[in-house]
Amino acid sequence: MTASEITYDILGIGNAITDILAHVDPAFLEQQNLTPGSMTLIDAARADAITANLKTERVMGGGSAANTCVVAAQFGARVAYLGKVARDPSGEKFAQDLRENGITFPSTPLDGHVHDNLPTARCVVMVTPDGQRTMATYLGACTHFTPEDVLESTIAASRIVYLEGYLFDPPHAQEAFRRAATLAHQNGRQVALSLSDPFCVGRHRQAFLDLVRGHVDILFANEDEICALYETENFDTAAQHALKDTTFAALTRSGLGSVVIHDGQITKIDPVPTQVVDTTGAGDAYAAGFLAGLTTGRTLPECGRLASVAASEIISHVGARPLSNIWQEMGF
């Protein structure tokens, strides 16, 4: 197979989700039996019950890789996205949102007549007073993202294929991931993976390890996620394992900034100070800034700086999509 012309800097593949955002007290999470800071998979009935017991503040496009795509597009990157929505109002809104942000979205919606009218996925994002987000996700149509949804022509046209770890939960997604990685490498493209969530890592640890060691060129993870992958509570120990398993990893540490591992070298990146309002989407934005820098030939410290600026903007307000054009002010 010959490599085709590059049309996109970044292709995101992930769960296509509508976010329902609300502020809650820690007691609410306890009442709902939700672990603070985690992502819990729920069914439609529980999604309705949780939503009925809180005050919804915003409804907006979400999904980890889609968030990354939106931020990367605001940096000027050429971006495409693959994910499964239903033929319903939420799915139409999700698609419209991406396209309004300049993102190509060629995925075919789920045929509801064949799949029991499964709706577009939704995630209830609950933000506590400390800014931490806890998520309860009903995957809906996402459960039918299959290898057939990995479009070879789009993969071949993308410089970096970015895979969202959350997508590992649906039944056919791991096979789809491996197909995407294989097609990317056959076309001389790079594969990036975000681990997404320590509990998700725990559910699929060996599969993630196999993917990281055999198919991933660039790994993104926060401290909890990388420690979960290597079953240690010590970040430095986990980073050393990552150093052996990958040639390229960007590991975030909240207020301590981030660490970039590349070809055996470790570069520390300072955080960008800001008031933390809501941590939803911080890792997504970090990956976006980093990949946007990387695909435009910037140095690793510059990529890390862009990533940190993007993350700081996202956590300064409610929601995982940017509100300001801070990157334009930086002259990006």
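Here is what the cut-offs are and how they apply
- Residues numbered from 1 in each chain as written.
- Predicted model: local features only at pLDDT ≥ 70, side-chain atom pairs only at ≥ 80, totals over all residues.
- Heavy atoms only, no water.
- Buried < 20%, exposed > 50% of the residue type's maximum accessible area, 1.4 Å probe, protein only.
- Helix = DSSP H or I, 4+ residues; strand = E, 2+ residues; numbered from the N terminus.
- Contact = heavy atoms within 4.5 Å.
- Phe/Tyr/Trp six-rings, centres within 6.5 Å; stacked < 30°, edge-to-face > 60°.
- Core = buried A, V, L, I, M, F, W, Y, C linked by side-chain atoms within 4.5 Å.
- Salt bridge = Lys/Arg side-chain N within 4 Å of Asp/Glu carboxyl O.
- Polar contact = N/O pair within 3.5 Å; in protein donor to acceptor, adjacent residues only side chain to side chain.
- Pairing = 2+ DSSP bridges.
- Axes fitted to C-alpha atoms, helices over the stretch in contact; angles between N-to-C directions.
- Parallel < 35°, antiparallel > 145°, perpendicular 65-115°, else oblique.
- Left-handed = near helix turned anticlockwise from the far one by under 90°.
- Nonpolar A, V, L, I, M, F, W, Y, C, P; charged D, E, K, R; others polar.
- Right-handed = clockwise from strand over helix to strand, strands pointing away.

## Considering helix α8 (residues 205–214)
- Listed in full, the buried residues belonging to α8 are Ala207, Phe208, Leu209, Leu211 and Val212.
- Summarising the contacts, the buried residues of α8 are in contact with α6 (173–186), β9 (190–194), α7 (198–203), β10 (218–222), α9 (223–229) and α10 (235–245).

## Points about the packing of aromatic side chains
- Counted by the stated rule, this structure contains 9 aromatic pairs.
- Taking the centre distance of 5.9 Å and the plane angle of 50° together, the rings of Tyr81 and Phe94 count as tilted. Linking Tyr81 in strand β5 (residues 79–82) with Phe94 in helix α4 (residues 89–100), this pair joins segments that are 13 residues apart in sequence.
- Accessibility expressed as a relative area gives 2% for Phe94, which makes it buried.
- Ring plane angle 65° and centroid distance 5.9 Å describe the contact between Phe94 and Phe105, whose orientation is recorded as edge-to-face. Remark: Phe105 occurs in the loop between α4 and β6 (121–127) and Phe94 occurs in helix α4; sequence separation between them is 11 residues. The two residues Phe94 and Phe105 agree in class, both being buried.
- One aromatic cluster in this structure is built from Tyr162, Phe220, Phe248, Tyr286 and Phe290.

## Some details on the nonpolar core
- Among the nonpolar cores identified, the biggest contains 45 residues, and Ile13, Ile155, Leu193, Leu195, Ile226 and Leu229 are the most heavily contacted of them.
- Residues within four places of Leu193 in sequence aside, it is in contact with Leu163, Gly165, Phe177, Phe208, Leu211, Val212, Val216, Ile218, Leu219 and Phe220.
- Counting 42 residues, the second-largest nonpolar core is a separate cluster that includes Val71, Phe105, Leu291 and Ala311.

## Things to note about the pattern of salt bridges
- According to the stated counting rule, one finds 8 salt bridges in the structure shown.
- Measuring nitrogen to oxygen at the nearest pair gives 2.5 Å for the salt bridge that ties Asp48 to Arg122. On the criterion of sequence distance, the pair formed by Asp48 in helix α2 (residues 44–52) and Arg122 in strand β6 is long-range, its members being 74 residues apart.
- Residue classification places Asp48 among the partly exposed residues on the basis of a relative accessible area of 46%.
- Overlapping salt bridges bring together Asp9, Arg78 and Arg159 as one network.

## What about the side chain of Asp245?
- Tracing the backbone shows Asp245 in helix α10.
- A polar contact is formed between the side chain of Asp245 and the side chain of Arg213, at a distance of 3.0 Å.
- Reaching out from Asp245, the side chain makes a polar contact with the side chain of Tyr230 at a distance of 2.8 Å.
- Beyond its immediate stretch of four places on either side in the chain, Asp245 contacts Leu209, Val212, Arg213 and Tyr230.

## Let's talk about the sheet that holds strand β4 (residues 58–62)
- An order of β3-β7-β6-β2-β4 is seen for the 5 strands of this open sheet, with the pairing classed as mixed. Each end of this open sheet is capped by a strand with a single partner; those strands are β3 (39–41) and β4. Neighbour-to-neighbour, the strand axes of the sheet open up by a mean angle of 25°, direction not taken into account.
- Pairing of strand β2 (residues 17–23) with β6, which is carried by 7 bridges, proceeds in the parallel orientation. The residue of β6 that forms the bridge with Ile17 is Ala121.
- α2 rests against β2, β3, β6 and β7 (133–138) of the sheet, and its axis sits at about 35° to β6.

## Let's talk about the environment of Pro171
- Turning to its location among the elements, Pro171 is positioned in the loop between β8 (158–164) and α6.
- Judged by its relative accessible area of 62%, Pro171 is exposed.
- Residues Pro171 and Leu193 lie 22 residues apart in sequence; the distance between their C-alpha atoms is 18 Å.

## Overview of the packing of helix α3 (residues 64–74) against helix α11 (residues 282–294)
- Where α3 contacts α11, the axes come no closer than 8 Å and their chain directions differ by 45°. As summarised for this structure, α3 and α11 are arranged oblique, according to the angle between their axes. Where α3 crosses over α11, the two elements pack in a sense that is right-handed. On α11, the residues touching Ser64, Asn67, Thr68, Val71 and Ala72 of α3 are Asp284, Ala285, Ala287 and Ala288.
- For the contact of α3 with α11, the residue count by class is 5 nonpolar, 3 polar and 1 charged.

## Structural notes on the packing of α11 against helix α12 (residues 300–314)
- Contact pair α11 / α12: the axes reach a minimum separation of 7 Å and the direction vectors enclose 150°. Considering only the axes of α11 and α12, their crossing is right-handed. The residues of α12 that touch α11, namely those facing Ala282, Ala285, Tyr286, Gly289, Phe290, Gly293 and Leu294, are Leu300, Cys303, Gly304, Leu306, Ala307, Ser308, Ala310, Ala311 and Ile314.
- Of the residues contributing to the contact of α11 with α12, the split by class is 12 nonpolar, 4 polar and no charged.

## A closer look at the pairing of β9
- The element β9 is largely enclosed, with a buried count of 4 among its 5 residues.
- Pairing geometry for β8 and β9, over 5 bridges, is parallel. By the bridge assignment, Tyr162 is partnered in β9 with Ala192.
- Handedness of the crossover is the feature at issue here: the chain leaves β8, passes through α6, returns alongside β9, and the resulting connection is right-handed.
- Where β9 meets β10, 3 bridges bridge the pair, whose relative direction is parallel. The partner of Ala192 across the bridge, within β10, is Ile218.

All we've got here are geometric facts, nothing functional implied.
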